[in-house]
Amino acid sequence: MSTDQDRTHPRPNIVLVHGAWADGSSWSSVIESLQADGYHVTAPQFPLTSLADDVARLRHVLSLQDGPTVVAGHSYGGQVMTALGTNAPNVVGLVYVAAFGIDEGESLGALLAQGPPTPALAHQVVDDQGFVWLSEDDFVDHFAADVDPVKAKALYAVQQPLSVSAFSDVMTVPAWRSLPSWYMVAQDDQALPSEAQRMFANRMGATTAELPSGHLAMISHPVDVVKVTETAAEAARTVDAVN
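Residues numbered from 1 in each chain as written. Predicted model: local features only at pLDDT ≥ 70, side-chain atom pairs only at ≥ 80, totals over all residues. Heavy atoms only, no water.

### Some thoughts on the pattern of salt bridges
- The final tally for this structure, using the stated rule, is 4 salt bridges.
- The salt bridge partner of Arg-198 is Glu-210, with a shortest N-O separation of 2.8 Å. Remark: Glu-210 occurs in strand 9 (residues 207-211) and Arg-198 occurs in helix 8 (residues 194-204); sequence separation between them is 12 residues.
- Assessed through its relative accessible area of 29%, Arg-198 is described here as partly exposed.
- By relative accessible area, Glu-210 is classed as partly exposed at 38%.
- The salt bridge involving Arg-237 is made with Glu-234; its shortest N-O contact spans 3.1 Å. Of the two residues, Arg-237 and Glu-234 are both situated in helix 10 (residues 222-242); the distance of 3 residues between them amounts to about one turn of the helix. (Salt bridge = Lys/Arg side-chain N within 4 Å of Asp/Glu carboxyl O. Helix = DSSP H or I, 4+ residues; strand = E, 2+ residues; numbered from the N terminus. Buried < 20%, exposed > 50% of the residue type's maximum accessible area, 1.4 Å probe, protein only.)

Structure, rendered in structure tokens:
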């Protein structure tokens, strides 16, 4: 039901950015809840062919939004939205869900090389065209560790590989330097260590929440992800109302 505040200060749009080895449907439960609460939601498919291609897709989708927009990214999706840099005119907030929030001059590959491979990424397979895949065991047992195994196998079947070039792309000025940010730390993550997630969140000065989740928090804990995303959206609307 529309309220006076909805009419005078409309809710921001929400764009959801999936990560590597996933697709837009990974946000399905989150999308349903956000739509039920009156939000306009877009969860596009990203090519994962290069960071530049993925950022171009995000900019395209953002250009189609009517008004202020909150962007939420999972895993590598955080890399994509971070790479918007200082040129994101209609973005009013960033939500990182167990996501990479690297800084200027850093790359995914260099960051991951600082420690031993995590269980989910221990046996990556690079094909002849330069795309990285996860094995079924690593995907089901570690990448989707707290997801029902039947569902995890279905997610494995539709995994979208990531270009190996994405690991060496160096970040320019990150978007989180100029935009308010929220971060959801997955405490039991077997793909991106929770210690790294906390470092990202602290460094960007994000409003942080933690939950006992594996890497695919938007699937295993959608209610919590919706709560953080709506908190970011309401904060943006409050700022709009004050201004």
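### As for the packing of aromatic side chains
- Using the criterion set out here, one finds 5 aromatic pairs in the structure.
- Ring centres of Phe-100 and Phe-200 lie 6.1 Å apart, and the angle between their planes is 55°; this geometry places the pair in the tilted category. In this pair, Phe-100 sits in the loop between strand 4 (91-97) and helix 5 (108-112) while Phe-200 sits in helix 8, placing the two residues 100 residues apart along the sequence. Comparing Phe-100 with Phe-200 shows no difference in burial state: the two are buried.
- When the centroid spacing of 4.9 Å and the interplanar angle of 45° are considered together, the rings of Phe-139 and Phe-143 count as tilted. (Phe/Tyr/Trp six-rings, centres within 6.5 Å; stacked < 30°, edge-to-face > 60°.)

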